[in-house]
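Descriptive analysis of the structure
One-letter residues, chain by chain:
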Amino acid sequence: MFDRIVAMTIASFAVILTVAMSSDRAAAQGCCGGGGHDHGSAHDDSHESSCHEGPVGPPPPLLTGPHDGQFLIAGDSTMEVVMLPQELRVYLYGKGMEPRSTQSFQARLVTQLARGGEKYPTLLQFVPRPPGSKEQDYLRTPLDTQRLAEGQTTIAFEFENFPDQRHPKAGYTFLFLQEMVRPHVAAVPLMPGDHDGIAGQQNCPVTGARLGSMGPVVKLLVGDRPLYLCCAGCVARVKEVEAHRNAPPPSPVASQ
Ligand SMILES: [Zn+2]
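Residues numbered from 1 in each chain as written. Predicted model: local features only at pLDDT ≥ 70, side-chain atom pairs only at ≥ 80, totals over all residues.

1. Observations concerning the sheet that holds strand S6 (residues 119-123)
Within a sheet, neighbouring strands are paired by backbone hydrogen bonds and run either parallel or antiparallel to one another. The strand order across the open sheet built from four strands is S6-S5-S9-S10, with neighbouring strands paired in antiparallel fashion. On the outer flanks of this sheet lie S6 and strand S10 (169-175), each paired with one strand and no other. Across this sheet, the average inter-strand angle for adjacent strands is 15°, counted without regard to direction. As judged from the five bridges shared by strand S5 (residues 106-112) and S6, these two strands associate in the antiparallel manner. Bridged to Thr 111 within S6 is Tyr 120. (Pairing = 2+ DSSP bridges. Helix = DSSP H or I, 4+ residues; strand = E, 2+ residues; numbered from the N terminus. Axes fitted to C-alpha atoms, helices over the stretch in contact; angles between N-to-C directions.)

2. Focus: the sheet that holds strand S12 (residues 218-222)
Within the open sheet, the three strands sit side by side as S11-S12-S13. Their pairing is antiparallel. Strands with a single pairing partner mark the edges of an open sheet, and in this sheet they are strand S11 (185-188) and strand S13 (225-229). The sheet shows a mean angle of 30° between the axes of neighbouring strands, taken without regard to direction. Contacts between helix H5 (residues 194-201) and the sheet are confined to S12 and S13, with S13 contributing the most and set at about 65° to the helix. On top of the sheet, helix H6 (residues 235-246) reaches S11, S12 and S13; it is set at about 10° to S12, its chief contact. (Contact = placed C-beta atoms within 7 Å.)

3. Overview of the nonpolar core
Within the largest apolar cluster, 32 residues are counted, with the highest numbers of intra-cluster contacts made by Leu 72, Val 81, Val 90, Ala 107 and Phe 159. Sorting the residues of this core by element identifies strand S1 (70-74), strand S2 (77-83), strand S3 (87-93), strand S8 (138-142), strand S9 (154-160) and S10 as the ones contributing at least two each. Sorting elements by how many residues they give to this core places S3 first, with five residues. Look past the residues within four positions of Val 90 in its chain and what remains in contact with it is Met 79, Val 81, Thr 102, Ala 107, Leu 124, Tyr 138 and Leu 139. (Core = buried A, V, L, I, M, F, W, Y, C linked by C-beta atoms within 7 Å. Buried ≥ 20, exposed ≤ 12 C-beta atoms within 10 Å, placed from the backbone.)

4. A short note on the environment of Arg 89
Position of Arg 89 among the secondary structure elements: in strand S3. A residue is classified by how many C-beta atoms lie within 10 Å of it, and Arg 89, with 22 of them, is buried. Along the sequence, Arg 89 and Tyr 138 sit 49 residues apart, while their C-alpha atoms lie 6.5 Å from each other. Apart from the residues within four sequence positions on either side, Arg 89 is in contact with Val 82, Tyr 138, Leu 139 and Arg 140.

As structure tokens, then:
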């Protein structure tokens, strides 16, 4: 998995986007999205309900989005679903993968821990970008991924209020895989907005080399924080340092 991420990060983002956009697997679980069908305005209620009660599809393709999430596609909009250990986020993009605001976008998540079990619906909340930040806003909901069972828990999304009004709604249902949970340190593709970040950081924290002097810059997300490296060879070192930093302190010897 690590090799895949690094390889994809080095590849140009345009290539990744082409793969995402042409993926039949992504289209397969979208009831109203995916496949580029222009039928949003033609919905009737019977279609809506059957569409959102549809069969569970395979998990979305594990592609590396700008936040190391999985892509779901509906018409001109692409959603990036990012699962962190304790929360789930949805970022929104336009046709050319330009970031779009989620302020009026709506996402509902329904988790079902096992087939036939109770369903837990939640409405995702809007998180504005911090003042002065070039980061993208997103929708979020708390989600304890430790409670989810690989291959048993189903995750269903209902999206509404797309900026692209031809696709007012879309629904997706898929099985949870542990691999979908984003690690603390994740390699992600560069976006146009990273230009300023690279200029500000200037040097690789591992080698000290000037960013760009060793080939294409590699971007990591360390938690929420972007970190730029001179080359893919430096990724392992950052992971090592972060793993050490986040290691639980040695448990004290029981004294009672
Ligand atoms: Zn390097």
